Amino acid sequence: MKSSKLIVFCLLAGTLVSCGPKAVIKGTVKDAPKDTVVVKLLDVNVYKTLDTLVTDASGRFVYKLAVAKGQPEFVYLFHGDTKIASLLLNSGDKVALTATTKGNYSVEGSEESVKLQQVERDFADFIAGFRETVGKASENASESEASEINRELSRQYVAYYRKAIAYISANNHSLTVVPVFYQKVNENFPIFSRRTDAILMSAICDSLKTVYPESRYVKALETETQARVRTMALNTAISNAPENSFPELSLPDMKGKNVSLSGVDAKVILVHFWDASDAAQKMYNVETLLPIYNEFHSRGFEIYSVCLSTDKA
């Protein structure tokens, strides 16, 4: 629909239906007149493109999104590849948004969106400081300098981790806590990586379910929480399991003489199972295990090697 004030392209597909409860975004992208803005929905863990808008000569646009009652939606606006705004919209929200193409924005009319903005700012500040500290490390750093950098990184992580827990605990009925649980320094370093985090996640999940029982974000968090609780229980069971002796093995050696595992006189024994028909495993014996054996055998190390091949020769 065109008017003298704005141009909006709307796709009535998926959740964007013409009837039912809605949230309304009245936005201005200051430095993007007659430009495109992409609206994306967070579908649990991936972005789903909902629509592409065209702003008017002043960078303004209006967008209406269907939002079911009791099921707030995480909605993000992009200009090209840059995320310029993050919103958490409830049914009936009327949001006034002012943004720039560099990702600076202000939002009114949605308390949850304001909270989400602060959550993302706090995390961005932490990441910026963390990376700055990492950047101080160099190959020529002394051992004391490297230790000091590691201590500072640890201090920064612990400080942010505690801040995140404090926010989650104070906002246990807000969906803005959900993305906090999934924050990562990098792919191999999630903020909430401790086994005991499952206890906090479980408690928060129970709180959120009282307010948003049908939310797909809460259901996804519950699935993640249950997996973590099972892992924590398994680790606890392993830690508390009584120590048992190893199962006895008694097999013929290359000369046909039986050798029992319990009869091997060594401080440390590596029980190694391999297959002689696999060339890679034979090379592993020669290139990896043999050097280890030669280096540590004199100090009480022995290898009890079990070949699984059915061919006796």
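Analysis parameters
- Residues numbered from 1 in each chain as written.
- Predicted model: local features only at pLDDT ≥ 70, side-chain atom pairs only at ≥ 80, totals over all residues.
- Heavy atoms only, no water.
- 1 Å grid on protein atoms, 1.4 Å probe; cavity = no way out; pocket = protein on both sides within 12 Å on 5 of 7 lines; lining within 4 Å.
- Points joined across faces, edges and corners; volume = space filled by probe spheres on them.
- Nonpolar A, V, L, I, M, F, W, Y, C, P; charged D, E, K, R; others polar.
- Pairing = 2+ DSSP bridges.
- Helix = DSSP H or I, 4+ residues; strand = E, 2+ residues; numbered from the N terminus.
- Axes fitted to C-alpha atoms, helices over the stretch in contact; angles between N-to-C directions.
- Parallel < 35°, antiparallel > 145°, perpendicular 65-115°, else oblique.
- Contact = heavy atoms within 4.5 Å.
- Left-handed = near helix turned anticlockwise from the far one by under 90°.
- Right-handed = clockwise from strand over helix to strand, strands pointing away.

*Asks:* Teacher, can you tell me more about empty space enclosed by the protein here?
*Replies:* Left-over empty space is what a probe sized like a water molecule reveals as it rolls over the atoms. Inspection of every chain in the model, using the stated rule, returns one cavity of 30 Å³ or more. Within this model, the largest cavity holds a volume of roughly 30 Å³. Lining the largest cavity, in full, are Gln71, Pro72, Glu73, Ser215, Arg216 and Tyr217. Partitioned by chemical class, the residues of the lining of the largest cavity number two nonpolar, two polar and two charged.

*Asks:* Can you help me understand the sheet that holds strand β4 (residues 60-66) in this one?
*Replies:* The pairing of strands in a sheet comes from backbone hydrogen bonds and takes either a parallel or an antiparallel form. What the four strands build is an open sheet, ordered β4-β1-β7-β8; its pairing is mixed. If you trace the sheet from one side to the other, it starts and ends with β4 and β8 (105-108), each paired once. When the angles between neighbouring strand axes are averaged without regard to direction, this sheet yields 20°. Judged from the six bridges that link them, strand β1 (residues 22-29) and strand β7 (residues 94-99) form a sheet pairing that is parallel. Across the sheet, Lys26 pairs through a bridge with Ala96, a residue of β7.

*Asks:* What's the story with the packing of helix α1 (residues 111-135) against helix α2 (residues 143-170) in this structure? I'm lost.
*Replies:* Geometry of a packed helix pair, given as the angle between the helix axes and the separation of the axes. In contact at an axis separation of 9 Å, α1 and α2 are set at 170° when each is read in the N-to-C sense. One element, α1, and the other, α2, form an angle in the roughly antiparallel class. Side by side, α1 and α2 meet where Lys115, Val119, Asp122, Phe123, Phe126, Gly129, Phe130, Thr133 and Val134 of the first sit next to Ile149, Glu152, Leu153, Gln156, Tyr157, Tyr160, Lys163 and Tyr167 of the second. Of the residues that constitute the contact of α1 with α2, the class distribution is ten nonpolar, three polar and four charged.

*Asks:* What am I meant to see in the packing of helix α4 (residues 197-211) against helix α5 (residues 216-240) here?
*Replies:* Interhelical geometry of α4 versus α5 gives an angle of 150° and a closest axis separation of 9 Å. Our classification of the angle between α4 and α5 gives roughly antiparallel. For the pair α4 and α5, the crossing hand works out as left-handed. On α5, the residues touching Asp197, Ala198, Ile199, Met201, Ser202, Cys205, Leu208 and Lys209 of α4 are Val218, Leu221, Glu222, Glu224, Thr225, Arg228, Val229 and Met232. Each residue belonging to the contact of α4 with α5 can be placed in one class, and the counts come to nine nonpolar, two polar and five charged.

*Asks:* Looking at this structure, I do not really get the pairing of strand β14 (residues 301-307). What am I missing?
*Replies:* If a strand is regular, its side chains alternate between the two faces of the sheet. Across seven bridges, the pairing between strand β13 (residues 268-274) and β14 is parallel. Note on β14: the bridge partner recorded for Phe273 is Val306. Once you follow β13 into helix α6 (residues 279-296) and on to β14, the crossover reads as right-handed.

Treat this as a map of the structure, not an account of what it does.
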